[in-house]
Each structure stands twice: as C-alpha cells, then as structure tokens.
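For reference, the chains in residue letters:
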Amino acid sequence: MEQILRLRPYKREDGTYLLNWLTDRRMLGMWCREYFIFPLSAGQLDRYYKELENDPYAFGFTALNERGVPVGSFRMTGVDYENKSVHLGFIVIDQSLRGQGLGERMVSLAVRYGKEFLGMERITLNVFDCNPGAKRCYEKAGFKEEQFKKEDFAYEEEQWGNYLMVYGE
C-alpha cells in the first residue's frame, strides 16, 4: 500500500528532522552546494528559514506522512509570476525512507502546487551527476534534462557536473 504524503509550509521545528537527515558532509554538499557549512546546525537552519520567510518569491515546504511526521523537505525559489516560472531546490527525503517512491511523490506534489496554486508553467531544478538516484527520481516525476554543466562544482578532490532539469517541456 502506498503511503499518503502531504505538503505543508515549513515550520521552524522541522529543522530537527533536517539535522537528522543531513549528517554526512558529501550529502550536505549534494543538497546545498556550499550554502551551509558542515556540520549542519540549528542556528544555520534558523537563519536560512528566516531569510526564506522574508523573501516574497520563495517558500519552504515539509512533506508529511500519514501520521503527520516530516519525511521530506524542499523549497521553491525565484517565483516569477510574470514569466510563470519557479525553481525547486534543497530537496531531501529522510535517509531511512529512500527507495520507496517518496521523493518522486513529494516532487510531483511540488509540481502540482507550482502549477495549480501558483500558476507556474516552467518548473526547474538542479541535480549533480554524482547523484543518479535523485536524477532518476526527478525523471520519474516528469523532469527532463535541459542543460548540463560538466564541471560545475568542486567537492574535495571531485568535480561534479550539474543538470538543469525542467518539468514537462
């Protein structure tokens, strides 16, 4: 039986879950590039979400399971009502629940919200080439590659390529 998944606006206390999900330096880099410093802290998250709340063109979301427990998180930024576009980012699912289709369902709900509630026609996201599981998840949710930057981000001794993906174009 497929788990029920709901979205709601991010709440400050949801940061506790993010702190538990993003405990690996490499995973943090894949999630946010260099936006946060490892190890992730409640103070960093508080500052980030305060900025998000003050940005009229950005929204933070939490995905909840059927019991109302957070299982994922993402943000929408760069909301452009004139050009009808928005960018999804900082997408993460509880590590212990990966591989169950929750990421695909959460991203599909994000697309639905963007289209039906915000009136967006273009929805984009980025994913590193070293994260093929996430890329497959986004493809299953209807995203297609639009652009690829071969050496977009230096992580330790590695160079990560970055796909810009767009929904349904």
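So, here is what we can say about the structure in this document.

Criteria and thresholds
Residues numbered from 1 in each chain as written. Predicted model: local features only at pLDDT ≥ 70, side-chain atom pairs only at ≥ 80, totals over all residues. Heavy atoms only, no water. Phe/Tyr/Trp six-rings, centres within 6.5 Å; stacked < 30°, edge-to-face > 60°. Buried < 20%, exposed > 50% of the residue type's maximum accessible area, 1.4 Å probe, protein only. Lys NZ or Arg CZ within 6 Å of the ring centre and 35° of its normal. Pairing = 2+ DSSP bridges. Helix = DSSP H or I, 4+ residues; strand = E, 2+ residues; numbered from the N terminus.

Applying the stated criterion across every chain, the model contains 20 aromatic pairs. Ring geometry for tryptophan 31 against phenylalanine 36: centres 5.4 Å apart, planes inclined by 10°, an arrangement best described as stacked. What makes tryptophan 31 buried here is its relative accessible area of 7%. Here the aromatic cluster, defined as three or more aromatic residues joined through ring pairs, consists of Tyr10, Trp31, Tyr35, Phe36, Tyr48, Tyr49 and Phe90. The ring of tyrosine 35 has arginine 75 sitting right over it, with the charged end atom 6.0 Å from the ring centre.

Across nine bridges, the pairing between strand β6 (residues 143-155) and strand β7 (residues 158-167) is antiparallel. Following the sheet pairing, lysine 144 is matched in β7 by valine 166. In this antiparallel pair of consecutive strands, β6 and β7, the connection spans two residues, and glutamate 156 shows a positive phi of 50°.

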